[in-house]
Amino acid sequence: MSSLFPALRGSPDEQVALRFGDRSLTYRALAAAVDGLAARIRGADRVAVWATPALETAVAVVAALEAGVPAVPLNPRSGEKELGHVLSDSAPALLLAAPGDDVPAALAGLARVDVDVDVHGTALPGRDVDVHGTALAGRDAAGPHRATAPPGSLAAGEDPALVVYTSGTTGPPKGAVIPRRALAATLDALADAWQWTGDDVLVHGLPLFHVHGLVLGVLGPLRRGGCVRHVGRFTPQAVARELAGGATMLFGVPTMYHRIAEALDEDPGLAGALAGARLLVSGSAALPVHDHERIAAATGRRVIERYGMTETLMNTSVRADGDPRPGTVGVPLPGVEVRLVEEDGTPIGADDGETIGEVHVRGPNLFTGYLNRPDATAAAFTADGFFRTGDMAVRDPDGYVRIVGRKATDLIKSGGYKIGAGEIENALLEHAGVREAAVTGEPDADLGERIVAWVVPADPQSPPGAGELADHVARRLAPHKRPRVVHLLDALPRNDMGKIMKRALTHD
Ligand code: MCA
Ligand code: AMP
C-alpha cells in the first residue's frame, strides 16, 4: 500500500510535523507513534476516532490510514442520539482515544485503544487489543497483527479512508465514504493551486471531525511534509500569535474571519500578523464581501476562498497566483470538472456571470457513496457520474465561480457547520413540551445563519423555555445544532395539503 504521507519516512529527524498547544511531535516521533498504533489496529474493518482537537486525533487518523483501516471521526460533543446513530450505522470495531479522555456511556461497549504518543519521540507501550476488541496481554505492539493484513486488498485508491458524517435536509446524518484517492487528489490539487509546500506552517482552530479541519487542516500539511499548529480553541489572538511566530497559512470558516475583522480595530498586532502570512484561506460557507473588504483594508492582504463539500472534498479555489476576487470561490481545481445545469439537467453553455445553475462536479476528488444508503447515493449522482451538489452558482466568462445560494431551504450553514432542519425538528418533537416544530435559518452576521425554532407548545399555559429547548437539542444532537432563537406559536402555517409553509414563518 502506498503511503499517503511520504514525509513520514523522508523528513529530517527533528522537523516538527504537529503542534497542538504546547505539545508537538517531530516527523520521527509521529512515525513511531503511527507505526505502533497501526500495528495494533491493522486488519480491523473500521475504527472510530474520538476527534478532540489534540495530537492524539491526528496520530489516530494517520495510523488508520497507514494501516489501511477506514476511520470514522466522532464529534466529541455529539449528543446521545447523534452518537447512537453514528455508532450503529458505521459499526466500528474499535475506538481510538487519547488516554484519560472520558467518553460517553454509548461508547462503553466498544473496545478502546489508547492512542499513546510520546512527545519526546518514542511510541509508548500500551494495552494491546486485537481487532475484535479482545485484550491481548503482553503482546508486542508490532506483533502478529502485521501479518493479519490481507495482502493486496488494502492497496487500491478506491479503498475507503474516512467515513465523515454530514447532515441532509431530513433524518439523521449520512456517512460519506471518502476513498484514499480522493484524499490524495484533493490535497495535491490544493498544493498546485496554493503553491503549498513542506515549507508552509499552517495555523488553525478548526474541529477535527469534519473535512475542513481534518483533511485540509491536518492531513494536508502532513502530505506536504510541512507543519500544522492547532490553537485548540479559535481566537483571533491565538492565530495572530502563530502568524507572528512563523506560521505562513491560515485556514478558517467565515465566522472566524468575521471575528478577526471585528477584532482588527482594537488589536493593531493582529493586522500586522495577518499581513505577514503567505495565504489566508476561508471556506465551508461564503465569506461576506464586507468582511473581505475590512480585512483587506486593515492588512493589505486578500483572503482567498475555496469551495468544497464533505462528499466532493475541494472543487474550486482562488489560486495563489490568481486574481483574489472577493465574493468568488475561484476556478475548478486541476482534475475537477465543474458544470452548471438548469433545473431539467441541461448544462448551461454561457459563462456570462448571470445565468444561475446547480453546480455538478466530477473528478477523482469525489466520495464513493453514503454508507448503508444506496438510495441516497444513487440520487446524488447523474447518469454520467457527476455529483449534484445542491449549490446554485453563476460562472464568469473567465471561469470564476460564484456561489449564489442553495437548492434546499432546509439546509442551514451556521458557523460553517451544515445542519439539517429536519434533524432538529425531530429532536424538538421528542421534547414532551413540544407539540409541533419547524426549523429555519436566518441571516446572522457572526454565524452566517442562525438556527431558529418555531414551536407550538403542548401546553400553552406552561411552554418550554428557549434555554431548555436549546439544551435539549444540544444534548440529543450537538451544541452547534441548538436553536439560537425560539418563537412560540399557536399553530404552524400550513397549506391546503397540510404541509408547513416555512416561508410564512417570519417575526412579524
Ligand atoms: C452554549 N454552549 C452550549 C450551549 N450553549 N453547549 C451545550 N448546550 C448549550 N445550550 C457552548 C458551546 O458548545 C461552546 O462551548 C460555547 O458554548 C460557545 O459555542 P457557540 O457560540 O455555539 O460557538 P462558538 O464556540 O462561538 O463557535 C464558532 C466557531 C464554530 C468556532 C466558528 O462554529 C466552529 O468551530 N465552526 C467550524 C465548523 C467547521 O469546521 N465546518 C466544516 C464543515 P465551548 O466553548 O466549550 O466549545 S464543512 C466542510 O468540511 C467542507 C468540506 C468545507 O467546505 O470546508
Ligand atoms: P459540508 O457538507 O458541511 O461539507 O458543506 C458543504 C457546503 O458548504 C457546500 O455545499 C456549500 O454550500 C458550502 N460551502 C463550502 N465552501 C463554500 C464557500 N467558499 N462559499 C460558499 N459556500 C461554501
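Look up a bit, the structure's there.
**Structural notes on the overall build of the protein**
A count of helices and strands for the protein gives 14 helices and 25 strands. Computed over C-alpha atoms, the radius of gyration of the protein comes to 23 Å, within 12% of the 23 Å expected from 2.2 N^0.38 for 508 residues, which places it in the range of a compact globule. Oriented by its inertia axes, the alpha-carbon framework of the protein measures out at about 70 × 50 × 50 Å. Residue pairs at least 24 apart in sequence account for 65% of intrachain contacts in the protein once pairs closer than 6 positions are excluded. Carbon and sulfur atoms provide 52% of the accessible area of the protein, an area that totals close to 20,000 Å². Across the protein, the centroid of the 50 positively charged side chains sits 2 Å from that of the 63 negatively charged ones.

**Details of the site of ligand 2**
Near ligand 2 there are 14 residues, and of these Arg 306, Thr 310, Asp 391, Lys 413 and Lys 418 occur at the shortest range. In the model, a nitrogen atom of ligand 2 is placed 3.1 Å from a nitrogen or oxygen of the Ser 284 main chain. Taking 500 Å² as the accessible area of ligand 2 by itself, protein coverage stands at 92%. In terms of residue count, strand 13 (residues 304-309) provides more of the shell around ligand 2 than any other element does, five residues in total. Looking at the shell around ligand 2 residue by residue, the class counts come to five nonpolar, four polar and five charged.

**Quick notes on the sheet that holds strand 13**
With respect to topology, nine strands assemble into an open sheet ordered 2-1-10-9-11-12-13-14-15, the strand pairing being mixed. Every interior strand has two partners, whereas the edge strands, strand 2 (23-26) and strand 15 (331-332), have only one. As paired elements, strand 12 (residues 279-282) and strand 13 share two bridges and run parallel to each other. From the neighbouring strand, Val 281 faces strand 13, where its bridge partner is Ile 304.

**Considering the nonpolar core**
Leu 18, Leu 96, Leu 162, Leu 183, Trp 194 and Leu 219 are the most contacted members of the largest nonpolar core, which has 120 residues in total. Counting residues per element, this core draws most heavily on helix 3 (residues 55-67), at ten residues. Residues contacting Leu 183, with those up to four places away along its chain left out, are Leu 4, Leu 65, Ala 161, Leu 162, Ile 178, Val 215, Leu 219 and Leu 313. Core analysis: the next-biggest nonpolar cluster, separate from the first, contains 19 residues, Ile 424, Ala 427, Val 434 and Ala 437 among them.

**Description of the site of ligand 1**
Ligand 1 sits among 26 residues. The nearest are Arg 233, Ser 284, Arg 306, Asp 471 and Arg 484. Asp 471 places a side-chain nitrogen or oxygen 2.7 Å from a nitrogen atom of ligand 1. Between an oxygen atom of ligand 1 and a side-chain N or O atom of Arg 482, the distance comes to 3.0 Å. When the free accessible area of ligand 1 is taken as 1,100 Å², the share hidden by the protein chains comes to 74%. The set of elements that each furnish at least two residues to the shell around ligand 1 consists of helix 7 (211-224), helix 9 (254-263), strand 13 and helix 14 (466-476). Across the shell around ligand 1, the residue classes tally to ten nonpolar, eight polar and eight charged.

Thresholds, definitions, all that
Residues numbered from 1 in each chain as written. Chains lettered and ligands numbered in written order. Predicted model: local features only at pLDDT ≥ 70, side-chain atom pairs only at ≥ 80, totals over all residues. Heavy atoms only, no water. Helix = DSSP H or I, 4+ residues; strand = E, 2+ residues; numbered from the N terminus. Rg over C-alpha atoms; globule rule 2.2 N^0.38 Å. Contact = heavy atoms within 4.5 Å. Areas by Shrake-Rupley, 256 points an atom, 1.4 Å probe, with all protein chains shown as cover. Lys, Arg positive; Asp, Glu negative; His and termini not counted. Charge placed at Lys NZ, Arg CZ, Asp CG, Glu CD. Near = heavy atom within 4 Å. Polar contact = N/O pair within 3.5 Å; in protein donor to acceptor, adjacent residues only side chain to side chain. Nonpolar A, V, L, I, M, F, W, Y, C, P; charged D, E, K, R; others polar. Pairing = 2+ DSSP bridges. Core = buried A, V, L, I, M, F, W, Y, C linked by side-chain atoms within 4.5 Å. Buried < 20%, exposed > 50% of the residue type's maximum accessible area, 1.4 Å probe, protein only.

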